[in-house]
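# Observations on chain architecture
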Amino acid sequence: MLERLHQNHLKRNSKRNLNPDHLEMALRRPLLKFFLLFFSLSLLLACQGDQVFDQTSKMGEQGWSQKNQIAYSFEIKDIHKSYSLYVALRQSNDYPFNNFYFIPKVLGSDGKLIKQALAEAILYDPKSGKAKGEGLGDIYSHKFLIFKQLKFPKKGKYSLLLSHDMRTDTLAGIISVGASLVPNP
């Protein structure tokens, strides 16, 4: 009887150790992780290849002060293309208003104004009070198209200035503000 138990134990363990499926999976697991990592990085780099710039600034715990004008520098190499300028905003439920006014300004290297606008972003539905944008918990992300067919007169360095135009000096609940410039197809 003891010998029979020993033989059953050996059979079970030998099956587990010599099972070709388990062995093959164990050998492929690191290779699979490598390919997934490589594919993810390739996809990330491919998606960002067209953008002229994509930058974000965190506002800190106090929020966004009117004195804190955000500036992003970028370089235009192809003046024959038109570009789309997007502004991204992350806000929490601490933000006290339904909307958000801000001013994007595009300046040339000489400081000359290329384009300016007063933009309004609707962050909450005025009737229901429900937050718009994508979010989880009490933080929401928004992306707004500001200039659809932005043209630049010459190659060179440019800058984007962003400032808020709300009546309150410091806006609580604004977590981060960013912008991206993408060539149009």
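Residues numbered from 1 in each chain as written. Predicted model: local features only at pLDDT ≥ 70, side-chain atom pairs only at ≥ 80, totals over all residues. Heavy atoms only, no water.

## Overview of the nonpolar core
Formally: Residues belong to a common nonpolar core when they are buried Ala, Val, Leu, Ile, Met, Phe, Trp, Tyr or Cys residues joined through side-chain atoms within 4.5 Å. Any residue under 20% of the maximum accessible area for its type is buried, any over 50% is exposed, and the rest in between are partly exposed; the area is computed with a 1.4 Å probe on protein chains only. Numbering of helices and strands runs from the N terminus, with a helix taken as a DSSP run of H or I at least four residues long and a strand as a DSSP run of E at least two residues long. Should any heavy atoms of two residues lie within 4.5 Å, those residues are considered in contact.
Judged by nonpolar contacts, the single largest core of 35 residues is most densely connected at Phe100 and Leu162. Breaking this core down by element, the ones donating at least two residues are β3 (70-76), β4 (83-92), β5 (99-108), β7 (119-122), β9 (139-150), β10 (156-164) and β12 (174-183). Examining the composition of this core, we find that five residues originate from one element, β9, more than from any other. For Phe100, the residues in contact, after removing those within four places along its chain, are Trp64, Leu89, Tyr95, Ala119, Glu120, Ala121, Leu123, His164, Met166, Leu171 and Ile174.

## Brief notes about the pairing of β7
Two faces make up the sheet, and in a regular strand the side chains alternate between them. Let me state the cut-off plainly: Any two strands with at least two DSSP bridges between them are considered paired.
Judged by which residues are buried, β7 turns out to be one-sided: Ala119 and Ala121 face inward and are buried, whereas Glu120 and Ile122, on the alternate face, are not. Sheet topology note: the β5/β7 ladder contains four bridges and is antiparallel. When the sheet's bridge partners are listed, Phe102 is paired in β7 with Ala119.

## Focus on the sheet that holds strand β1 (residues 53-58)
Applicable threshold: For every element, the axis is a line fit to its C-alpha atoms; helices are fit only across the contacting stretch, and the angle between N-to-C directions ranges from 0 to 180 degrees.
The sheet built from five strands is open, its strands ordered β1-β12-β4-β9-β8 with antiparallel pairing. Only two strands of the sheet have a single neighbouring strand rather than two, namely β1 and β8 (134-136). Taken pair by pair, the neighbouring strands of this sheet meet at an average axis angle of 15°, ignoring direction. Note: β1 against β12, six bridges, orientation antiparallel. Within the sheet, the bridge partner assigned to Thr56 lies in β12 and is Gly178.

## Thoughts on the side chain of Ser84
Rule in force here: Pairs of N or O atoms are called polar contacts if they sit within 3.5 Å, as long as, within protein, a hydrogen donor faces a hydrogen acceptor (for residues adjacent in sequence, only side-chain-to-side-chain pairs).
Along the polypeptide, Ser84 turns up in strand β4. At 3.1 Å, the side chain of Ser84 and the backbone oxygen of Lys148 are in polar contact. Within polar-contact distance, the side chain of Ser84 engages the side chain of Asn184 at 2.5 Å.

## Digging into the packing of aromatic side chains
Here is the rule we go by: Paired rings are identified among Phe, Tyr and Trp, the last through its six-membered ring, by centres lying within 6.5 Å, and are further divided according to the angle between planes into stacked (under 30 degrees), edge-to-face (over 60) and tilted (the rest). Two conditions define a charge sitting above a ring: the NZ of Lys or the CZ of Arg must be within 6 Å of the ring centre, and it must be within 35 degrees of the ring normal.
Within this structure, the stated rule accounts for 10 aromatic pairs. Ring centres of Trp64 and Phe100 lie 5.8 Å apart, and the angle between their planes is 40°; on these two criteria the pair is classed as tilted. Here Phe100 lies in strand β5 and Trp64 lies in strand β2 (residues 64-65), a separation of 36 residues in the sequence. For Phe100, a relative accessible area of 2% corresponds to the buried category. Taking 5.9 Å as the distance between ring centres and 75° as the angle between the ring planes, the aromatic pair formed by Phe74 and Phe152 counts as edge-to-face. Separated by 78 residues along the polypeptide, Phe74 in strand β3 and Phe152 in the loop between β9 and β10 bring together distant segments of the chain. Taking the relative accessible area as the measure of exposure, Phe152 reaches 4% and is therefore buried. Pairwise contacts between aromatic rings join Phe53, Tyr72, Phe74, Tyr83, Phe152 and Tyr158 into one cluster. Its guanidinium or amino end placed over the ring of Tyr86, Lys143 lies 4.7 Å from that ring's centre, counting from NZ or CZ.

## Considering the side chain of His164
Checked against the element boundaries, His164 lands in strand β10. The exposure class of His164 is buried, given its relative accessible area of 4%. Among the polar contacts made by the side chain of His164, one reaches the main-chain carbonyl oxygen of Trp64 at a distance of 3.2 Å. Of the polar contacts made by the side chain of His164, one reaches the backbone oxygen of Asp169; its length is 3.1 Å. Residue contacts for His164: discarding those within four places in its chain leaves Trp64, Ser65, Gln66, Phe100, Tyr101, Phe102, Asp169 and Leu171.

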